[in-house]
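# Tertiary structure, described
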Amino acid sequence: MALNAYAVLDVFLTGLRLPLALGVVLLGAAALGGCRGEARTGAALERAPRFYLLFLLALVLVVLNAVSWPVLYLLLDSLVAEHPAAMCIYGVRQIGAGSAGLAGWLPGLVETLEIGKPILVFLTGVWLVLHGLNRRTRTGPLTRRVVVALVVLGVVGATEASAELTYLAIPKQEPREPGGCCTLAGVAEAAGASALPPNPASRARLAGGYYGVNAGMLLGIAALAFLPRRVVSPASLAVISLGAAVSLVVSSLFLKDVAAPLLLGLPYHRCVYDLIAQAPETTLGIAAFVLATCAVGWACTAAIAGRCPETSPFLPAQLRAVLRIAFFGYLGSLAMMSVECAMAGPW
């Protein structure tokens with residue numbers, strides 16, 4: 001394990017997150033057993049002592065989960081200087097690739113962490129939205145669903161924290177093949193001709209698609225979230241969800257093929273990881289986009305799992321409030337990325 005300040009901080013955070021996640025799972029499972037009792041309503045269960053402890057542990061866990069995401073990338077960035085063959089975070093992610101020893105697990109573990117952390121953010125929002133709906137009811141009819149969301153959050157959190165501790169514990173001194181980690185030649189050799197950067201015409205079309213799709217998302221969400229007496233129907237949420245999926249794909253391609261080369265000042269360099277070190281302000285725009293995408297998912301989850309007779313009077317207003325988060329997330333991301341690209345120079 002590389003012993004630097006970020007590694008120590010990550011070990012400390014992950015060492016706290018793992019027992020907290022396990023505690024949430026155990027208390028949540030016990031609470032689900034209590035939810036089966038016909039004589040106890042959801043509101044009564046929420047007043048039970050174990051519920052206070054469960055929600056307190058969950059709140060601490062979600063805060064630590066959120067903090068651990070940027071700490072992971074700070075750790076990966078700090079490891080670049082310790083591995084000469086790794087030019088950036090992308091190279092650090094490849095350490096151990098092809099190894100028959102423990103180091104061979106490193107690339108898979110770091111990919112697991114990169115997938116697991118946004119999933120934890122999404123699950124946190126699902127829990128908070130359902131909990132907010134449940135608190136507005138008289139009998140707490142969504143209590144069981146809220147606890148199920150917490151148990152799932154705890155299971156995923158414990159799995160992700162275990163993977164992170166394993167990644168931190170495995171030595172990262174495995175020798176790598178000489179050469180760059182994310183140079184055009186190295187990427188092209190590994191992935192074929194498709195790794196070559198698009199020509200200017202393709203970049204222009206990709207940029208147009210990026211602005212078109214995200215502008216469409218803004219208009220669609222605004223129509224649902226801000227127009228008075230607008231009904232947020234399942235069909236409209238399905239359309240918005242499909243648009244969010246398309247926006248995620250198009251925006252990812254735009255970031256890699258258009259924004260990264262422009263912001264880095266390297267026309268043939270498509271490494272998004274370099275933005276963390278060389279253009280850290282872009283991470284705010286990326287974070288806003290992730291928040292917006294998650295908010296669309298939260299609205300869909302609330303519409304499905306949060307619907308019951310007691311929530312019907314205020315569920316539409318709650319959905320519009322969540323969609324407003326998505327609107328401002330998309331708007332902030334689009335504005336920040338546009339300003340950054342405009343300041344970087346001509347396209």
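Scroll up for the structure.
The next subject is the overall build of the protein. Secondary structure summary: the protein contains twelve helices and zero strands in total. Secondary structure elements of the protein, listed N to C terminal, follow the sequence α-α-α-α-α-α-α-α-α-α-α-α. Going through the 347 residues of the protein one by one, you find that 48% of them count as buried. Here the analysis covers contacts within the protein between residues at least 6 apart in sequence; of these, 78% occur between residues at least 24 apart. Just so you have it, the protein exposes about 16300 Å², and 70% of that area is on carbon and sulfur atoms.

With that settled, consider the environment of Leu142. Assignment of secondary structure puts Leu142 in the loop between helix H5 (106-135) and helix H6 (143-169). For Leu142, the residues in contact, after removing those within four places along its chain, are Leu130, Leu133, Asn134, Ala305, Gly306, Cys308 and Thr311.

Mapped onto the elements, Thr137 comes out in the loop between H5 and H6. At 2.6 Å, the side chain of Thr137 forms a polar contact with the backbone oxygen of Asn134. Once residues within four sequence positions are removed from consideration, Thr137 is found in contact with Glu310, Thr311 and Phe314.

What follows covers the nonpolar core. Soluble, globular proteins show a tendency: their nonpolar side chains are buried together. The biggest cluster of nonpolar side chains holds 78 residues, and the ones touching the most others in it are Ile221, Phe254 and Tyr330. Every element with two or more residues in this core is listed here: helix H1 (5-35), helix H3 (49-78), H5, H6, helix H8 (200-225), helix H9 (234-264), helix H11 (282-305) and helix H12 (315-344). With twelve residues, the single largest contributor to this core is H9. Each residue touching Ile221, except ones within four places of it in the same chain, is listed here: Ile240, Val296, Leu323, Ala326, Phe327 and Tyr330. If you look at the next biggest cluster of nonpolar residues, it comprises 23 residues, including Ala7, Ile95, Ile170 and Tyr273.

Moving on, we get to the pattern of salt bridges. Going through the model one piece at a time under the given rule, you end up with five salt bridges. Across the pair Glu164 and Arg17 runs a salt bridge, and its minimum N-O distance is 2.8 Å. Separated by 147 residues along the polypeptide, Glu164 in helix H6 and Arg17 in helix H1 bring together distant segments of the chain. We note that Glu164, like Arg17, is buried. The salt bridge involving Glu160 is made with Lys117; its shortest N-O contact spans 2.6 Å. Residue Glu160 is located in helix H6, and its partner Lys117 is located in helix H5; the two are separated by 43 residues in the primary sequence. Relative accessible area serves as the criterion here: at 3%, Glu160 is assigned to the buried category. A relative accessible area of 2% means that Lys117 is categorised as buried. It is possible to trace a salt-bridge network through shared partners that takes in Arg17, Lys117, Glu160 and Glu164.

To continue, consider the packing of aromatic side chains. Evaluation of the coordinates by the stated rule reveals eight aromatic pairs. Ring geometry for Phe55 versus Trp127: centroids 5.7 Å apart, planes at 45°, classification tilted. Here Trp127 lies in helix H5 and Phe55 lies in helix H3, a separation of 72 residues in the sequence. The exposure class assigned to Phe55 is buried, which follows from its relative accessible area of 13%. Chaining the aromatic ring pairs together yields one cluster made of Tyr210, Tyr211 and Phe254.

All right, on to the environment of Trp105 then. Inspection of the secondary structure assignment puts Trp105 in the loop between helix H4 (89-93) and H5. In this structure Trp105 comes out as exposed when scored by relative accessible area, which is 59%.

Let us now look at a nonpolar patch on the surface. A cluster of nonpolar side chains, Tyr6, Leu9, Phe12, Leu16 and Leu74, forms an exposed patch at the surface whose accessible area comes to about 430 Å². For the nonpolar patch, the element with the most residues is H1, which contributes four residues. Mapped onto the fold, Leu9 is located in helix H1. Leu9 sits in the partly exposed class, given a relative accessible area of 35%.

Before going further, it helps to spend a moment on the packing of H11 against H12. Two elements in contact, H11 and H12, have axes whose closest approach is 8 Å; the angle formed by their N-to-C orientations is 160°. By the angle between their directions, the pair H11 and H12 is classed as roughly antiparallel. The handedness of the crossing between H11 and H12 comes out as left-handed. Considering only residue class, the contact of H11 with H12 consists of 19 nonpolar, five polar and one charged.

Mapped onto the fold, Arg145 is located in helix H6. Judged by relative accessible area, which is 36%, Arg145 ranks as partly exposed. As for Arg145 and Trp127, which are separated by 18 residues in sequence, their C-alpha atoms are 8.7 Å apart. The residues touching Arg145, leaving out its near neighbours within four places in the chain, are Leu130, Ala305, Gly306 and Arg307.

What counts and how
Residues numbered from 1 in each chain as written. Predicted model: local features only at pLDDT ≥ 70, side-chain atom pairs only at ≥ 80, totals over all residues. Heavy atoms only, no water. Helix = DSSP H or I, 4+ residues; strand = E, 2+ residues; numbered from the N terminus. Buried < 20%, exposed > 50% of the residue type's maximum accessible area, 1.4 Å probe, protein only. Contact = heavy atoms within 4.5 Å. Areas by Shrake-Rupley, 256 points an atom, 1.4 Å probe, with all protein chains shown as cover. Polar contact = N/O pair within 3.5 Å; in protein donor to acceptor, adjacent residues only side chain to side chain. Core = buried A, V, L, I, M, F, W, Y, C linked by side-chain atoms within 4.5 Å. Salt bridge = Lys/Arg side-chain N within 4 Å of Asp/Glu carboxyl O. Phe/Tyr/Trp six-rings, centres within 6.5 Å; stacked < 30°, edge-to-face > 60°. Patch = residues over 30% accessible without salt bridge, like charges linked within 9 Å, V, L, I, M, F, W, Y side chains within 5 Å. Axes fitted to C-alpha atoms, helices over the stretch in contact; angles between N-to-C directions. Parallel < 35°, antiparallel > 145°, perpendicular 65-115°, else oblique. Left-handed = near helix turned anticlockwise from the far one by under 90°. Nonpolar A, V, L, I, M, F, W, Y, C, P; charged D, E, K, R; others polar.

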